[in-house]
4 protein chains.
Amino acid sequence: MIVIMNQNAGQEQVDSLISLLQDSGFGVHLSRGVERTVVGVIGERTRMEKLALDARAGVDRVLPVSEPYKLASRTFKPEDTVVQVRDLKIGRDNILVMAGPCAVESREQILASARAVKNAGAGVLRGGAFKPRTSPYSFQGLKQEGMELLEEASRETGLPVVTEVMDSSTLPLVARHADILQIGARNMQNFSLLSEVANAGKPVLLKRSPCAAIEEWLLAAEYILKEGNGQVILCERGIKTFEKFTRNTLDLTAVPVLKHLTHLPVVVDPSHAIGKWRYIRPMSRAAIAAGADGLLIEVHPEPDKALSDGPQSLTPENFQAVMQDVTRTALDMHKVVGSVS
Amino acid sequence: MIVIMNQNAGQEQVDSLISLLQDSGFGVHLSRGVERTVVGVIGERTRMEKLALDARAGVDRVLPVSEPYKLASRTFKPEDTVVQVRDLKIGRDNILVMAGPCAVESREQILASARAVKNAGAGVLRGGAFKPRTSPYSFQGLKQEGMELLEEASRETGLPVVTEVMDSSTLPLVARHADILQIGARNMQNFSLLSEVANAGKPVLLKRSPCAAIEEWLLAAEYILKEGNGQVILCERGIKTFEKFTRNTLDLTAVPVLKHLTHLPVVVDPSHAIGKWRYIRPMSRAAIAAGADGLLIEVHPEPDKALSDGPQSLTPENFQAVMQDVTRTALDMHKVVGSVS
Amino acid sequence: MIVIMNQNAGQEQVDSLISLLQDSGFGVHLSRGVERTVVGVIGERTRMEKLALDARAGVDRVLPVSEPYKLASRTFKPEDTVVQVRDLKIGRDNILVMAGPCAVESREQILASARAVKNAGAGVLRGGAFKPRTSPYSFQGLKQEGMELLEEASRETGLPVVTEVMDSSTLPLVARHADILQIGARNMQNFSLLSEVANAGKPVLLKRSPCAAIEEWLLAAEYILKEGNGQVILCERGIKTFEKFTRNTLDLTAVPVLKHLTHLPVVVDPSHAIGKWRYIRPMSRAAIAAGADGLLIEVHPEPDKALSDGPQSLTPENFQAVMQDVTRTALDMHKVVGSVS
Amino acid sequence: MIVIMNQNAGQEQVDSLISLLQDSGFGVHLSRGVERTVVGVIGERTRMEKLALDARAGVDRVLPVSEPYKLASRTFKPEDTVVQVRDLKIGRDNILVMAGPCAVESREQILASARAVKNAGAGVLRGGAFKPRTSPYSFQGLKQEGMELLEEASRETGLPVVTEVMDSSTLPLVARHADILQIGARNMQNFSLLSEVANAGKPVLLKRSPCAAIEEWLLAAEYILKEGNGQVILCERGIKTFEKFTRNTLDLTAVPVLKHLTHLPVVVDPSHAIGKWRYIRPMSRAAIAAGADGLLIEVHPEPDKALSDGPQSLTPENFQAVMQDVTRTALDMHKVVGSVS
């Protein structure tokens, strides 16, 4: 860490800071500039943070020089993490497309969806049984019945299932039926839930909160990794900005940034980020071209009858076109879509 | 609701929409413009949302004309809600200042804080025992011990306590000791927690998520009100923007906006929003001048020894100056600080 | 337009509104809902805006149903605009890559840059002679000398030149030497400059302001089109958001959105948006995959000696790799890079 | 400045950096941490920036330790700047309220407005003759005729006038008639205009761009100060955020932040920031309570007939109430509204 003193910090404030650091076992480098005195502190960051140096008299700012996360960092683990979902892989040169309706609505709907996305080449079935909704008056999902329907669709098509866990009371039920446990964007910093889900022994898909900086997101992943569960998939789904033409702003640059900072696989959910089906196809192609390890896409057999998020769902026909694009783009990137181990 | 058709929507698409609406029991008004056909729909908004009209063929956009929340709305309840905390009131012409350290750190620290803020005129003691922290390596609070220390400080000073509930497993413990249950900004859309906390039978302080629009925030309050708990206090604490000089951007205009839209009391937490103690005093004054019903302020007997959020904590001396300003500004507004019923 | 009345709007307010509209020659459709009265207004939007309906007593909101721009709209001109730059084309199935240093620094630097980007397959040379800089103490460009060096580099390599115009006093000089006139992001709403540059009779590259919504950007283009200059290229270069890992957030979804709303060609400048050379290559690929008609990329023969924006410049070697990716991705999209007419 | 090397930076990269710095006349402090090598550089910041250190091999980041602006800084000039407008003062303990219509529309309208705001206690008349408008189809102002009407209104009431300058060609006309020259938010980084307006020899009111960080805004002021014109008034008018209930988000915390960083007076324009007249009164009170040196408020004799920005204009009656609040709040702050020297 680097401690920058105020312009008018007194000598006794600098001395007192140095004493504290040395007494706490840190190395210290002092540098007096024309305008400011700067103190370099050598030692472990997390231990240093406990000293709350930025609250001391005479201190202007404290600047970290290393990343605040560890287990999620490429420095800690240079090689790509490959997450295994039944006989499918995601990460390194394996691309996985997860598709299906926003919410499970009925037996017919989820079965039709599962067959359609399987047919088009998707590797995993998505669908919500427990739906967090902004309004308490919106459809909240079929809950237990939805989970059972997902399992039936999975049995029939052979597709593994990814679905959201909303709280600890329903975690056992969801974990029993699902292959990948999704932490929704609104729960990205529900730290109690992160730890509990980590311990369910299944891969976790961690959606980015619409107001999370990349560093905050990686620290949320760190909560899961710290429990000993290394099977974490990061999912970019748009951030909140002033632009209102799309629902959120898809931050696609986060993909190569994450591939650089972390070893974890990164997928993109263009459907929720954009909110309009018309732009899903080009942005799916762009996501793979940017280096994403997979996609999470909403597909509905009849989008105009969907109980939630209809306008952002693709028809099965449109989804087929997306899969063709994705397969060709993956080839350019020397990657394989839906490889079976 | 108003449905705006695409410019090239066909007659059969308009007819099919109208049939659906009429069959579902809604009134319909058709209006053909030079460029677009517009369909006005008359009936209850929440029931209309289930039709997912914006996903239908030929539909460009669906525009709501009424608010999506009900119980939180001033239309539903025109007069100000006054929340009672022991013998104190907040709302209408009653201003309440809640102050104390970010986290309970030790018996000495919380007792010294409680005495200091009581002495300066605060009505409620704040302090975190369960601390949600961005990094899993940061100090997470004294937990149960922290709750017991808060209760001791409360007993000694007579101050009621507001503290954060992080999850359902610790809710009973927190609800036993606290007078006001705080939902933190990261949990504003943890809908399971909202419902559970609502049912604990205590007033709830609901912090705004840093990426919540005002409407989303009021819908989160609606989750609590819907459980039959009308004792909700809204707390503005800054939103995420591009400006990085302050930690977040305090959206003070939200105060008069909320006083217009809802009957619930609104308080402001300048400490977390701004992150620098130097600007807390003028912004506390401004919050009251904008119409806030109270403040949530961090005070620490020794800010430079704080285990969390040191730089944003006021010393007891600075907090006294804030209380003097607040009292005078409240007087200008014909309000009373810390009135006892 | 649709006028939504207040919930407590009186009959006389509705009547007065309707009279005004009818007297002004607009068609009117009245719709009384359970909660609100809604008035549909039929006629030309721009004429309607002059009535300032949203300022009238009893009016809650006024919602436009059509786009506020005309000449820029695909409704007005359905087929893609192809902009011609000497013997090169951009738009429809023609991709154009413009590359070179942020600023012209010396004869050696701009000639080396021009040769390098020409050699790698770029179609246009970019380089700033007049540099708008956040700080008055930063390097402001070589000005007239820079323009002459650009022309020399253009003569030697045969590459057309795109460069920024900062004000009307230097417009004649810049227009004499440049093939494409760039309006910088900070000047996107400098409406006087937009009109003047439009009249210089050259293609205009209009950068998006970092705080411009897509609609505001298209209205800025409309200022140029309105002067009779239809040769406008839109350039996405990142918007301001809370995420600080990258300089700005590249809004790549704007590409398919614009291809849908407007007939104008759209290019992407990943260098300025991201600010770190490491992520330019994947995001260039992604931009083309999203449907962009071209790229604006910073290349410097020696990035670590650049006088401005060094960290975001590619070396000639890295730029060659970008061109290979772009060419292959363009092929997938059935487009051609740098086609000569 | 502080240079943080990459984790895997080689010894020769560090040595080469140090040689460069020493050869360029800078002092150097080397600090080797557990994870990183950090180089402190001592010397003048602006000269250092020209070395583009962050583009060098082995360098991860460069962190400035001092402010990039000089003349605008309180370090450079500790005492408050007081700007004189005819016999009125703004700054230190002098509060100045500028009010009037968004645009000059007619002789009757501007005279009625001037009388109304004078009568209520405003010190300066505002009104636009040249109107920058997002759409080329919106009303663009009465131009020269508007300037003459402003002068007539000024003569009749004795109020000085503040009005916007849009470009250099109309600057002489505007400077002849106006007492304060306003740089609009869209032109905050129109650096050519900043310098030209600075040289007109009148006080300049510099509006914040809706996407300008505080530091960027102060650097824009620096462009004016550098020309030798120290009579600069900063005007906060809202920033772009995801919140759409208000037009922009008024960043009131910028007021105490600026009063800390700079000696220049700071005023607040709640009308443009918020866009709804209903919230202007509480936010005007809050602005003064936060420490603002003045206000810029839209008042229109008949807001529902305004040609632009009607919904955000106050009636003369509402403005009187604002002035009463402001006067009382100013008194609490030991300041005077509209003092005459």
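Anything mentioned here points back to the structure above.
What counts, and at which threshold
- Residues numbered from 1 in each chain as written.
- Chains lettered and ligands numbered in written order.
- Predicted model: local features only at pLDDT ≥ 70, side-chain atom pairs only at ≥ 80, totals over all residues.
- Heavy atoms only, no water.
- Contact = heavy atoms within 4.5 Å.
- Buried area = accessible area lost by both parts, 1.4 Å probe.
- Salt bridge = Lys/Arg side-chain N within 4 Å of Asp/Glu carboxyl O.
- Polar contact = N/O pair within 3.5 Å; in protein donor to acceptor, adjacent residues only side chain to side chain.
- Helix = DSSP H or I, 4+ residues; strand = E, 2+ residues; numbered from the N terminus.
- Buried < 20%, exposed > 50% of the residue type's maximum accessible area, 1.4 Å probe, protein only.
- Pairing = 2+ DSSP bridges.
- Axes fitted to C-alpha atoms, helices over the stretch in contact; angles between N-to-C directions.
- Core = buried A, V, L, I, M, F, W, Y, C linked by side-chain atoms within 4.5 Å.
- Left-handed = near helix turned anticlockwise from the far one by under 90°.
- Nonpolar A, V, L, I, M, F, W, Y, C, P; charged D, E, K, R; others polar.
- Expected span 1.5 Å × (residues − 1).
- Least-squares fit on C-alpha atoms with pLDDT ≥ 70 in both.

Novice: If you had to explain the interface of chain A and chain B to someone new, which residues and values would you point to?
Specialist: Counting residues at the interface gives 45 residues for chain A, matched by 46 residues for chain B. With both sides pooled, the region where chain A packs onto chain B buries about 3,700 Å², and carbon together with sulfur makes up 56% of that total. Between B:E216 and A:K240 there is a salt bridge; the shortest N-O distance is 2.5 Å. Counting across the chain A and chain B interface gives 16 residue pairs in polar contact (both at pLDDT 80 or more). At the level of elements, helix 2 (45–49), helix 6 (191–198) and helix 7 (214–225) of chain A are the ones that each hand at least two residues to the side of chain A that touches chain B. Here the side of chain A that touches chain B gets four residues from one element, more than from any other, and that element is helix 7 of chain A.

Novice: Describe the side chain of A:T37, and please don't skip the residues or the numbers.
Specialist: Along the chain, A:T37 turns up in strand 3 (residues 37–42). Classification of A:T37 by relative accessible area gives buried; the value is 13%.

Novice: I'd like a rundown of the sheet that holds strand 2 (residues 27–32) of chain B, residues and numbers included.
Specialist: Residues and elements named next belong to chain B. Taken in spatial order, the four strands make up an open sheet running 2-3-1-4, and their pairing is antiparallel. If you trace the sheet from one side to the other, it starts and ends with strand 2 and strand 4 (59–63), each paired once. The average angle at which neighbouring strand axes cross in this sheet is 20°, direction not considered. Pairing between strand 1 (residues 2–5) and strand 3 (residues 37–42): three bridges, direction antiparallel. Its bridge partner being in strand 3, V3 is matched across the sheet by V39. Helix 1 (residues 11–23) rests against strand 1, strand 2 and strand 3 of the sheet, and its axis sits at about 160° to strand 2.

Novice: Give me the nonpolar core: which residues, what numbers.
Specialist: As a rule of thumb, nonpolar side chains are buried together in soluble globular proteins. Counting residues in each nonpolar core, the largest one holds 321 residues, and the members touching the most others are A:F319, B:L252, B:F319, C:F319, D:L252 and D:F319. In this view, D:F319 contacts D:V97, D:A99, D:V117, D:A120, D:A122, D:I297, D:V299 and D:L314; residues no more than four positions away in its chain are not counted.

Novice: Hey, could you go over the packing of helix 3 (residues 107–120) of chain D against helix 4 (residues 144–157) of chain D for me, with residue numbers and the actual values?
Specialist: Residue and element names in this part refer to chain D. At a closest axis distance of 9 Å, the pairing of helix 3 and helix 4 adopts a crossing angle of 35°. Helix 4 is crossed by helix 3, and the crossing has right-handed handedness. Mapping the contact onto sequence places R107, I110, L111, A114, R115 and K118 in helix 3 and L149, L150, E152, A153, E156 and T157 in helix 4.

Novice: Before we move on, could you go through the interface of chain D and chain B and cite the residues and values that matter?
Specialist: Contacts between chain D and chain B engage 34 residues on the former and 34 residues on the latter. Contact between chain D and chain B buries roughly 2,900 Å² in total, counting both sides, with carbon and sulfur atoms accounting for 67%. For the interface between chain D and chain B, the tally reads four salt bridges. The closest approach of N and O atoms between B:E243 and D:R208, which form a salt bridge, is 2.8 Å. Top element by residues in the side of chain D that touches chain B is helix 10 (residues 280–289) of chain D. It accounts for five residues. When grouped by side-chain class, the residues that make up the side of chain D that touches chain B number 21 nonpolar, five polar and eight charged.

Novice: Outline the pattern of salt bridges, listing residues and values.
Specialist: Side chains carrying opposite charge are able to pair once their charged atoms draw close together. Tallying each qualifying case throughout the model produces 60 salt bridges over all chains. For A:R74, the salt bridge goes to A:D80, with nearest N and O atoms at 2.5 Å. Since its relative accessible area comes to 21%, A:D80 is described here as partly exposed. Between C:D332 and A:R328 there is a salt bridge whose closest N-O contact spans 3.9 Å. Pair noted here: C:D332 is in helix 11 (residues 316–332) and A:R328 is in helix 11 (residues 316–332), and the two residues belong to different chains. On the basis of relative accessible area, C:D332 is assigned to the buried category, the value being 16%.

Novice: Go over the sheet that holds strand 1 (residues 2–5) of chain C, please, and point to the residues and values.
Specialist: Residue and element names in this part refer to chain C. Across the sheet, which stays open at both edges, the four strands sit in the order 2-3-1-4 with antiparallel pairing between neighbours. Unpaired on one side and paired on the other, strand 2 (27–32) and strand 4 (59–63) mark the two borders of the sheet. Neighbour-to-neighbour, the strand axes of this sheet turn through a mean angle of 20°, independent of strand direction. Of the strands in this sheet, strand 1, strand 2 and strand 3 (37–42) touch helix 1 (residues 11–23), which is tilted by about 160° from strand 2.

Novice: Let's hear about the pairing of strand 14 (residues 294–298) of chain D: which residues, and what values?
Specialist: Residues and elements named next belong to chain D. Strand 14 sits mainly inside the fold: five of its five residues count as buried. Of the two faces of strand 14, both are covered, the one formed by G294, L296 and E298 as well as the one formed by L295 and I297. Pairing of strand 7 (residues 94–100) with strand 14 involves five bridges; the strand directions are parallel. Residue pairing across strands places G100 opposite E298, the latter belonging to strand 14. Here strand 13 (residues 266–268) pairs with strand 14 via two bridges, running parallel. Its bridge partner being in strand 14, V267 is matched across the sheet by G294.

Novice: Run through helix 11 of chain C, naming residues and quoting values.
Specialist: With 17 residues, helix 11 of chain C should cover 24 Å at 1.5 Å per step; its first-to-last C-alpha distance of 25 Å lies within 8% of that length. Here helix 11 of chain C has its buried residues at C:P316, C:F319, C:A321, C:V322, C:M323, C:D325, C:V326, C:T329, C:A330 and C:D332. Buried residues along helix 11 of chain C sit in contact with helix 11 of chain A together with strand 7 (94–100), helix 3 (107–120), helix 10 (280–289), strand 14 (294–298) and strand 15 (336–337) of chain C. Following helix 11 of chain C by one or two positions, C:H334 adopts a phi angle in the positive range, close to 60°.

Novice: Quick one: what's the story with the relation of the copies chain D and chain B, residue by residue and with numbers?
Specialist: Once turned by 180° and shifted 0.0 Å along the axis, chain D lies on chain B with an RMSD of 0.0 Å. In short, the pair behaves as if placed about a two-fold rotation axis. Scanning chain D for the C-alpha nearest the rotation axis identifies D:A286, at a separation of 2.1 Å.

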